Amino acid sequence: MLLNFDRLGAWKWILLGITGLTTAFLILPIIFIAALSFGSSQWLIFPPPSWTLKWYAAFFADPRWLEAAWTSLRIAAIVTVLSVLIGLVASFGLVRGRFIGKEALRALFLTPMILPVVVLAVALYAFFLRVGLNGTFTGFVIAHLVVALPFSILSITNALEGFDKSIEDAAVLCGASPLEAKLRITLPSISHGLFSAAVFSFLTSWDEVVLAIFMASPTLQTLPVKIWATLRQDLTPAIAAASTLLIIVTIALMLLTALVRKGLKS
Amino acid sequence: MTAPFLHIRGLRKDYGIVNAVKDVNLTVERGEFMTFLGPSGSGKSTTLYILAGFENPTAGDILLNGESLIATPSHKRNIGMVFQRYTLFPHLSVGENIAFPLKVRRWGKAAIDARVRKMLQLVRLEGFEDRKPAQMSGGQQQRVALARALAYDPPVLLMDEPLSALDKKLREEIQHEIRRIHQETEVTILYVTHDQEEALRLSDRIAVFSKGVIDQIGTGPELYADPATRFVAEFIGDSDFVTCRILSAKDGRADLSIGAGASISGVPVHGTAVAGGTAALMLRPERLSLRREAAREGTSGLSASVTDITFLGSSIHVAAAAPSGETISVRLPFGHEATSGLSRGDTVSLDFDPETAHVFCG
Amino acid sequence: MTLLTEPDNRTAAPRARSVRSRNFALTVPALVLLVVFFILPVVSLLLRSVMEPEPGLDNYRALLGSTTYLKIFLNTFSVSALVTIVTLAIGFPVAWALAIMPSRWASIVFAVLLLSMWTNLLTRTYAWMVLLQRTGVINKTLMGLGLISEPLPLVNNLVGVTIGMTYIMLPFIILPLYGVIRKIDPAILQAAALCGATRRQALTRILIPLAAPGMVSGALMVFVMSLGYFVTPALLGGTANMMLAELIAQFVQSLVNWGMGGAAALVLLIVTLTLYAVQLRLFGTARMEGR
């Protein structure tokens, strides 16, 4: 009864109502920000008195915004590559390995995910101040790698556990060397896991705020840091424009993921 | 003297303190279909995996054409294998799956295409070239796996319970295919199964595995008619065991008595028979005849009392209790005269030819 | 290369050893990264809390002895609890509806959930700052409808933090709860109906108890995540209701007091890890902040 949609009676409409409102609650702020980024009002009046592209023009004309975006992109790209590579190798060790303390190690690899980011941020900040990595590109990459790696390991170990090792063994008996079998058979078979690992790693770094606030220097900041710094002064619509660009990147990645999933299925 | 085609010598495999394979010795002729039959944990699969190179033996050697395989890594052994689970490469089409071992061996494109077509023909899957494994049934997938394993003409094909995931009807169908393909290709096959019917249907010879050793090697009829151990007797065909007392033993034959009944002479004996000791007498349900009277002096029979009668279509199954209380089964054709009017509690005499019974000591 | 360790084809003798640590080497790069850039820094931060400015527990005495700080702890817990309750109250009916509604509609809701989850945290927080401000759309609308005559203070206070955090945490409770409800066999509820249970009884005696593990587990997760949140409280909350993460950042950034910062971090860490241990004990797996 309660789990049969058509036989819920009046309750059906209550549930649908709550769901509808919640969905609106979740989507409206995003739509709202996108709309305001095209509004002419400096004070973000809604509905806007007229429509304009001037905030985008301002965004693209300001080298500080562009530089921040470019820094974000470079960091996220490097973090993605490193996270997938290190995560792939570690996942092979965790899934295929036989050694004492394997489960403890797996738990350790995932802890950066559950630890409050602010603790890690403060700790790394102190550490980087001592070793001279603070405010450096390398420091940024390392900090983001620490929080991105668990997502990568989680996705890839999942995929690898779902892959029957006999298939790789079959390739080896067919005459492929163990390395060749892994490259030609195993990796393509777990490509969905590698892809998720890459997307999660990229987004983790690209969107990361807290670590970035501590790692940043006046000359090196990511897009979220720039937004953060600007936000603390005022709510200028330039942020709406930057946010909309971020949303577009997110939607593009979501669509890409959906497409790749579909492609992998067929 | 020429070396045997495949020679497994003193093979042993320990996992820590667990002794998975104790001492396996075996020779296989070229073109032979040899089945490793045994329950799980008997060491048959481990032996196969050592042959494939996925496990290293603790001791012993494997010789192919007189040369040791042990030091050769799996991918250079040039052995074919069909696995228990479906192991087609999921991202490659059927054609690409079969082509894979050939590509690895750097064959030319034309040669690969021709071979792929030939293999598809061999397993009767022409036209399936572009299918993905996920679009095929389990039986079809295993046939492709067979084609892939045979594509590079391996001298030996290993099959590790390849049909265990299929239902009974499909299994029989593919057993026929495997037999046909074995005859057509004349490849040497080592086949692992725990299903005696499958072993009997497919094999030239069967090696019965038990607790890490081979109990007996022989053709199906040999194993049935002349089991070397009680385990083989139990595993191949149906059998019941009755406790008996050895009266005397000589030249592999024993005279024995069952309970207070008459003595039976000339029963083939296995193990060390000691006069006066007890042993287990094996009786096959289909080799017993049943008479509705107590056993007479001078016949190889024993008296028993009927406990159950079951109609099984073409046959009738009679369960009877020996004086010792042990149950003995008799299988009679439907309509056999001795069964008409037979009822529970009747005393019957179960007769058998001493040659078809076996007694196991120790 | 060890990446591809197969059962190695060497002789029997050294195998026992090599089996014991097979493939361990593969995890070394990740392990080194985490030890050097995660464990060491965190441990050394915690050490500083008992070493600076002088060895001893002075920092903890100061932290736990001051009403200012205790108020911040209390505030952190009550905000997290409030967010958890609101999220659960909204999340349960939504997850329930998602589990049974026609899949075409459900996929729209899922797309929105994912989009919201994947959208930059700052973007989402910024949106709420704009929406909730004195001259923002919400106040304008309410005034336009004649419901209020003065703009309500919706931002830089508890209301703002709760709305912003609830917005962020909702997907984290809806998605796992959806999974739990989805697994309940509808036949169980049919059986309840045949036994004579009314809808309300079926809900309170069957459906909610069956979904309870998912609710507790999801609630624990939301609570723990809320405890350590920094960005949203910092931007939507006021100075009157500062949370623990902000306090840690403030100690380090503005006050350069590493000892107190480390002590506050340890408090947060202990609470977080304890609750995760509870979660692990109760449910076997820690559902982590999966996007």
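Residues numbered from 1 in each chain as written. Chains lettered and ligands numbered in written order. Predicted model: local features only at pLDDT ≥ 70, side-chain atom pairs only at ≥ 80, totals over all residues. Heavy atoms only, no water.

Enquirer: How do you make sense of the overall build of chain B when you look at a structure like this?
Expert: Helices and strands together make up the secondary structure of chain B, namely eight helices and 20 strands. Taken along its principal axes, the extent of the C-alpha atoms in chain B is 80 × 45 × 40 Å. A burial count over chain B gives 51% of its 362 residues as buried. For chain B, contacts bridging at least 24 residues in sequence account for 67% of all contacts bridging at least 6. For chain B, the computed accessible surface area is about 16,000 Å², with 50% contributed by carbon and sulfur atoms. Taken as two groups, the 40 positive and 43 negative side-chain charges of chain B have centres that lie 7 Å from each other. (Helix = DSSP H or I, 4+ residues; strand = E, 2+ residues; numbered from the N terminus. Buried < 20%, exposed > 50% of the residue type's maximum accessible area, 1.4 Å probe, protein only. Contact = heavy atoms within 4.5 Å. Areas by Shrake-Rupley, 256 points an atom, 1.4 Å probe, with all protein chains shown as cover. Lys, Arg positive; Asp, Glu negative; His and termini not counted. Charge placed at Lys NZ, Arg CZ, Asp CG, Glu CD.)

Enquirer: Got a minute to help me understand the interface of chain A and chain C in this structure?
Expert: For an interface, size is often stated in terms of accessible area lost upon the parts coming together. Taken together, the 97 residues of chain A in the interface contact 90 residues of chain C. Overall, the association of chain A and chain C removes approximately 8,800 Å² of surface from exposure, summing both partners, and the carbon and sulfur fraction of that is 81%. Here chain A is connected to chain C by zero salt bridges. For the pair chain A and chain C, the number of links is six residue pairs in polar contact (both at pLDDT 80 or more). Ranked by residue count, the leading element in the side of chain A that touches chain C is helix α1 (residues 10-36) of chain A, at 15 residues. Broken down by class, the residue content of the side of chain A that touches chain C amounts to 77 nonpolar, eleven polar and nine charged. (Buried area = accessible area lost by both parts, 1.4 Å probe. Salt bridge = Lys/Arg side-chain N within 4 Å of Asp/Glu carboxyl O. Polar contact = N/O pair within 3.5 Å; in protein donor to acceptor, adjacent residues only side chain to side chain. Nonpolar A, V, L, I, M, F, W, Y, C, P; charged D, E, K, R; others polar.)

Enquirer: Would you mind showing me how to read the pairing of strand β12 (residues 253-257) of chain B here?
Expert: Residue and element names in this part refer to chain B. In this sheet, β12 lies alongside strand β11 (residues 240-250) in antiparallel orientation, the contact comprising five bridges. When the sheet's bridge partners are listed, K250 is paired in β12 with R253. Between β11 and the antiparallel strand that follows it, β12, lie two residues; D251 among them carries a positive phi value of about 55°. In the sheet, β12 pairs with strand β13 (residues 263-270) via four bridges, with the strands oriented antiparallel. Bridge assignment links R253 to a residue of β13, and that residue is P268. (Pairing = 2+ DSSP bridges.)

Enquirer: Can you help me understand the packing of helix α3 (residues 63-96) of chain A against helix α8 (residues 178-189) of chain A in this one?
Expert: When two helices pack together, their arrangement is given by the angle between the helix axes and by the axis-to-axis distance. All names here are of chain A. Put simply, α3 and α8 touch, their axes get as near as 14 Å, and they point 85° apart. By the angle between their axes, α3 is roughly perpendicular relative to α8. In contact with L88, F92 and R96 of α3, α8 contributes K182, T186 and L187. Split into classes, the residues belonging to the contact of α3 with α8 amount to three nonpolar, one polar and two charged. (Axes fitted to C-alpha atoms, helices over the stretch in contact; angles between N-to-C directions. Parallel < 35°, antiparallel > 145°, perpendicular 65-115°, else oblique.)

Enquirer: Looking at this model, I keep getting lost on the pairing of strand β7 (residues 156-160) of chain B. Mind explaining?
Expert: Strand residues, when the strand is regular, have side chains that alternate between the two faces of the sheet. All names here are of chain B. Of all five residues making up β7, five are buried, and the element is well covered by its neighbours. Neither face of β7 is exposed, since V156, L158 and D160 on one face and L157 and M159 on the opposite face are all buried. Pairing of strand β6 (residues 80-82) with β7, which is carried by three bridges, proceeds in the parallel orientation. In the strand pairing of β7, M81 is matched with L158. By the bridge criterion, five bridges tie β7 to strand β8 (residues 188-193) in an arrangement that is parallel. Considered in β8, the bridge of D160 is made with V192. Crossover connection from β7 via helix α5 (residues 168-185) to parallel β8: handedness right-handed. (Right-handed = clockwise from strand over helix to strand, strands pointing away.)

Enquirer: Could you clarify how one ought to interpret helix α5 (residues 117-131) of chain A in this entry?
Expert: Along an α-helix, a turn takes 3.6 residues, which lines up residues three or four apart on a common side. In a regular helix each residue adds 1.5 Å, so 15 residues correspond to 21 Å; α5(A) covers 21 Å between its end C-alpha atoms and thus fits that length. Residues V118(A), V119(A), L120(A), A121(A), V122(A), A123(A), L124(A), Y125(A), A126(A), F127(A) and F128(A) constitute the buried set of α5(A). Considering only its buried residues, α5(A) is in contact with α6 (137-161) and α10 (210-215) of chain A together with α2 (28-51), α12 (244-253) and α13 (258-283) of chain C. Of the residues trailing α5(A), G132(A) is marked for its positive phi of about 75°. (Expected span 1.5 Å × (residues − 1).)

Enquirer: What is the right way to read the domain arrangement of chain C from this model?
Expert: Residue and element names in this part refer to chain C. Looking at the assigned domains, one finds that chain C contains domain 1 (1-51) and domain 2 (57-288). Computed over C-alpha atoms, the centres of domain 1 and domain 2 are 36 Å apart. Counting residues at the interface gives six residues for domain 1 and ten residues for domain 2. Carbon and sulfur atoms make up 72% of the area that domain 1 and domain 2 hide from each other, which totals about 650 Å². On inspection of domain 1 and its partner domain 2, the count reaches zero salt bridges. Where domain 1 touches domain 2, the interface holds two residue pairs in polar contact (both at pLDDT 80 or more). (Domains from an automatic or database assignment.)

Enquirer: I would appreciate a short explanation of the interface of chain B and chain A in the present structure.
Expert: Listed per partner, the contact involves 22 residues of chain B and 18 residues of chain A. For the chain B face of the interface with chain A, the top three residues by lost area are H75(B), H91(B) and F100(B), together amounting to 30%. Where chain B packs against chain A, one counts one salt bridge. Run the count over chain B and chain A and you get five residue pairs in polar contact (both at pLDDT 80 or more). For the side of chain B that touches chain A, the residue count by class is 14 nonpolar, four polar and four charged.

Enquirer: Sorry, what's going on with the sheet that holds β11(B) here?
Expert: The pairing of strands in a sheet comes from backbone hydrogen bonds and takes either a parallel or an antiparallel form. Strand order around the closed barrel formed by five strands is β11-β12-β13-β20-β14 (chain B), with mixed pairing between neighbours. With direction set aside, neighbouring strand axes in the sheet form an average angle of 55°.

Enquirer: What is the right way to look at the pattern of salt bridges in this model?
Expert: A pair can form between side chains of opposite charge whenever their charged atoms are brought close. Taken as a whole and judged by the stated rule, the model has 27 salt bridges over all chains. For E168(A), the salt bridge goes to K182(A), with nearest N and O atoms at 3.0 Å. Here E168(A) is found in helix α7 (residues 165-173), whereas its partner K182(A) is found in helix α8, with 14 residues between them in sequence. Take K182(A): its relative accessible area is 5%, and that puts it in the buried class. Put simply, R180(B) and E184(B) hold a salt bridge, and the shortest N to O gap is 2.9 Å. You can see R180(B) and its partner E184(B) sitting in helix α5, four residues apart, about one turn around the helix.

Enquirer: How should I be thinking about the nonpolar core in this particular structure?
Expert: Nonpolar side chains in soluble globular proteins tend to end up buried together. In terms of nonpolar packing, the biggest core is built from 174 residues, with L63(C) and W96(C) touching the most fellow members. Take this core: its biggest share by element is 13 residues, from helix α4 (residues 67-100) of chain C. The contact partners of L63(C), leaving out residues within four places of it in the chain, are Y69(C), L70(C), F73(C), L247(C), F251(C), M260(C), A263(C), A264(C) and V267(C). I190(A), V21(B), L48(B) and I181(B) belong to the second-largest nonpolar core, a separate cluster that totals 88 residues. (Core = buried A, V, L, I, M, F, W, Y, C linked by side-chain atoms within 4.5 Å.)

Enquirer: Can you help me understand helix α9 (residues 186-194) of chain C in this one?
Expert: Structurally, the start of α9(C) carries an N-cap: the backbone nitrogen of A187(C) is 3.0 Å from a side-chain oxygen of D185(C). Just beyond α9(C), the residue with positive phi is G196(C), at close to 105°.

Enquirer: Can you walk me through the side chain of T166(C) in this structure?
Expert: All names here are of chain C. Looking at the secondary structure, you find T166 in helix α8 (residues 158-183). Classification of T166 by relative accessible area gives buried; the value is 3%. Those residues within four positions of T166 in sequence are excluded, and the remaining contacts are V83, V86, T87 and I90.

Enquirer: Got a minute to help me understand the environment of K22(B) in this structure?
Expert: All names here are of chain B. Inspection of the secondary structure puts K22 in strand β2 (residues 18-28). With 36 residues separating them along the chain, K22 and T58 place their C-alpha atoms 9.7 Å apart. Every residue in contact with K22, bar those within four places of it in the chain, is listed here: L11, R12, K211, G212 and V213. At a separation of 3.0 Å, a polar atom in the side chain of K22 contacts the main-chain carbonyl oxygen of K211.

Enquirer: Would you explain unusual backbone geometry in this entry?
Expert: A negative phi angle characterises most non-glycine residues, just as the trans form characterises most peptide bonds. E52(C) connects to P53(C) through a cis peptide bond whose omega is -5°. Following the sequence through the fold, P53(C) ends up in the loop between α2 and α3 (58-65). With a phi close to 60°, R124(B) is a non-glycine residue in the positive phi region. Along the chain, the position of R124(B) falls in the loop between α3 (109-122) and α4 (138-150). The exposure class of R124(B) is partly exposed, given its relative accessible area of 47%. Located in the positive-phi region is N156(C), a residue other than glycine, with phi close to 60°. With respect to the element layout, N156(C) can be found in the loop between α7 (137-144) and α8.

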